[in-house]
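# Examination of the molecular architecture
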Amino acid sequence: MFRNIVTDVFFDLDHTLWDFEKNSALTFDRILQANRVGVDLNDFLKVYIPLNLEFWKLYRDGKIIKEDLRYQRLKQTFDALGFTISDETIHVLSEEYIEHLSSFTHLFPNTVHILDYLKPNYKLHIITNGFQEIQEKKLKNSNIHGYFDQIIDSEMAGVKKPDPIIYQLALQKARATPEKSIMIGDSLEADIIGARAMGLHALHFNVHNDEKHEYCDMIHDLNEIKSYL
């Protein structure tokens, strides 16, 4: 569909290529045990995962700062579980989570396969709202850093997706035009609506079971990208 149109492919990282939930769960398993926090991991994750998504939306919308995101997502999870824990331990867990998260390297199925397929014919880039300090580590530790020409993060841009400025910066650095570019990501608001508003094509990697919409096509496996590029 886009094979003779697109020259540049922009990917989101977390929840699109890098399996955030799996790597995050492994990180929590490590740090909760290391700090002797006696909470059941599955119970913890059941509360934490939706809370984390809520706090990321607040962060993306500029309603909270990074430090609040990192603290409150943990504090409110423990509060919801009725688990007593000191602020000092929460801060330790927050720091260790960031320290260890990028050491786990699980990617979504077919990530490397599709990057190998695309690389000879397209310029590949990353646009991420993740923290600059760990996104590069994730890419390098997962051995996919070399596939990408430009890696744009929200701290570099000073704004977060779906703000047009981060897309403008990405296009500028990639020396690409919107009509010849496509964004592939999991977030309807940040990746899909944000990209379409800037005139980019888009593919929605639907890992959150979002309802069908009219912004672009949905895919459920990265290998489906071959039908479009």
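Quick caveat: nothing in here was measured; it's all calculated off a predicted structure. Per chain, residues are indexed from 1 in the order of the written sequence. Residue-level local features of this predicted model are given only where pLDDT is at least 70; pairs of side-chain atoms are given and counted only at 80 or more, and the full residue set underlies all totals for whole chains, interfaces and linings. As a convention, hydrogens and water are excluded, and side-chain values are obtained from all of the structure's heavy atoms.

A count of helical and extended segments in the protein gives nine helices and six strands. Radius of gyration: over C-alpha atoms. The globule rule applied is 2.2 Å multiplied by the number of residues raised to the 0.38 power. A compact globule built from 229 residues would reach a C-alpha radius of gyration of about 17 Å, and the protein, at 18 Å, matches this within 12%. Projected onto the principal axes, the alpha-carbon positions of the protein cover approximately 60 × 35 × 30 Å. Between buried and exposed lies partly exposed: a residue is buried under 20% and exposed over 50% of the maximum accessible area for its type, with that area taken using a 1.4 Å probe on protein chains only. The proportion of buried residues among the 229 residues of the protein is 51%. Long-range contacts, defined here as pairs at least 24 residues apart, represent 67% of the contacts in the protein between residues at least 6 apart. Only the protein chains shown count as cover for residues, and all accessible areas are computed by the Shrake-Rupley method using a 1.4 Å probe. As displayed, the protein offers around 10,900 Å² of accessible surface, 48% of which is attributable to carbon and sulfur atoms. Between the centroid of the 25 positive side chains of the protein and the centroid of its 35 negative side chains there is a distance of 5 Å. Put simply, DSSP H or I for four residues or longer makes a helix, DSSP E for two residues or longer makes a strand, and each gets a number counted from the N terminus. Contacts: residue pairs with any heavy atoms within 4.5 Å of one another. As used throughout, the charge tally considers Lys and Arg to be positive and Asp and Glu to be negative, leaving His and the chain termini uncounted. In this description, the location of a charge corresponds to atom NZ of lysine, CZ of arginine, CG of aspartate or CD of glutamate.

As a further point, take the side chain of Asp191. Assignment of secondary structure puts Asp191 in helix α9 (residues 188-197). Taking the relative accessible area as the measure of exposure, Asp191 reaches 1% and is therefore buried. Not counting residues up to four positions away in its chain, the partners in contact with Asp191 are Asp12, Lys161, Tyr167, Met183, Gly185 and Asp186.

Along the chain, Asp14 turns up in the loop between β1 (8-11) and α1 (20-34). Residues contacting Asp14, with those up to four places away along its chain left out, are Phe20, Gln135, Lys138 and Asp186.

Before going further, it helps to spend a moment on the packing of helix α3 (residues 66-81) against helix α4 (residues 87-101). Where helices are involved, their axes are fitted lines through C-alpha atoms of the stretch in contact, as for all axes, and angles between N-to-C directions lie from 0 to 180°. With their axes 9 Å apart at the nearest point, α3 and α4 run at an angle of 125 degrees to one another. Classified by the angle between their axes, α3 and α4 sit oblique to one another. Where α3 crosses over α4, the handedness of that crossing is right-handed. For the pair formed by α3 and α4, the contact residues are Arg70, Tyr71, Arg73, Leu74, Lys75 and Phe78 on the first element and Asp87, Ile90, His91, Leu93, Ser94, Tyr97 and Ile98 on the second. The residue classification treats Ala, Val, Leu, Ile, Met, Phe, Trp, Tyr, Cys and Pro as nonpolar and Asp, Glu, Lys and Arg as charged. All others, Gly included, are polar. The residue inventory of the contact of α3 with α4, partitioned by class, reads seven nonpolar, two polar and four charged. Our angle categories are set so that under 35 degrees counts as roughly parallel, over 145 as roughly antiparallel, 65 to 115 as roughly perpendicular, and the remainder as oblique. Each crossing gets its hand from how the near helix is turned against the far one by less than a right angle, where anticlockwise is left-handed and clockwise is right-handed.

Looking now at the pattern of salt bridges. Put simply, a salt bridge is a Lys or Arg side-chain nitrogen that is within 4 Å of an Asp or Glu carboxyl oxygen. Enumeration according to the criterion identifies twelve salt bridges in this entry. Of the charged contacts, one joins Lys161 and Asp12 as a salt bridge, the two residues approaching to 2.9 Å between their closest N and O atoms. Remark: Asp12 occurs in the loop between β1 and α1 and Lys161 occurs in the loop between α7 (154-157) and α8 (164-174); sequence separation between them is 149 residues. Assigned by exposure class, Lys161 and Asp12 land together as buried.

A few words on empty space enclosed by the protein. Grid points spaced at 1 Å over the protein atoms alone were grouped into cavities, where a 1.4 Å probe fits but cannot get out, and pockets, open sets with protein on both sides within 12 Å along at least five of seven lines, with lining residues defined by an atom within 4 Å of a point. Grid points are joined across faces, edges and corners, and a volume is the space filled by probe spheres set on the points. Going through the model one piece at a time under the given rule, you end up with two cavities of 30 Å³ or more. A volume near 60 Å³ is recorded for the largest cavity. Where the lining of the largest cavity is concerned, the elements lending two or more residues are α4 and α6 (132-141). Its residues assigned to classes, the lining of the largest cavity shows seven nonpolar, two polar and three charged. Counted as a void, the second largest cavity has a volume near 30 Å³. Lining the second largest cavity we find Phe28, Tyr48, Arg70, Arg73, Leu74, Ser94 and Tyr97. Of all elements in the fold, only α3 and α4 reach the threshold of two or more residues within the lining of the second largest cavity. The dominant element in the lining of the second largest cavity, judged by the number of residues it contributes, is α3, at three residues. When grouped by side-chain class, the residues that make up the lining of the second largest cavity number four nonpolar, one polar and two charged.

Take it as geometry only, folks, not as evidence of what the structure does.
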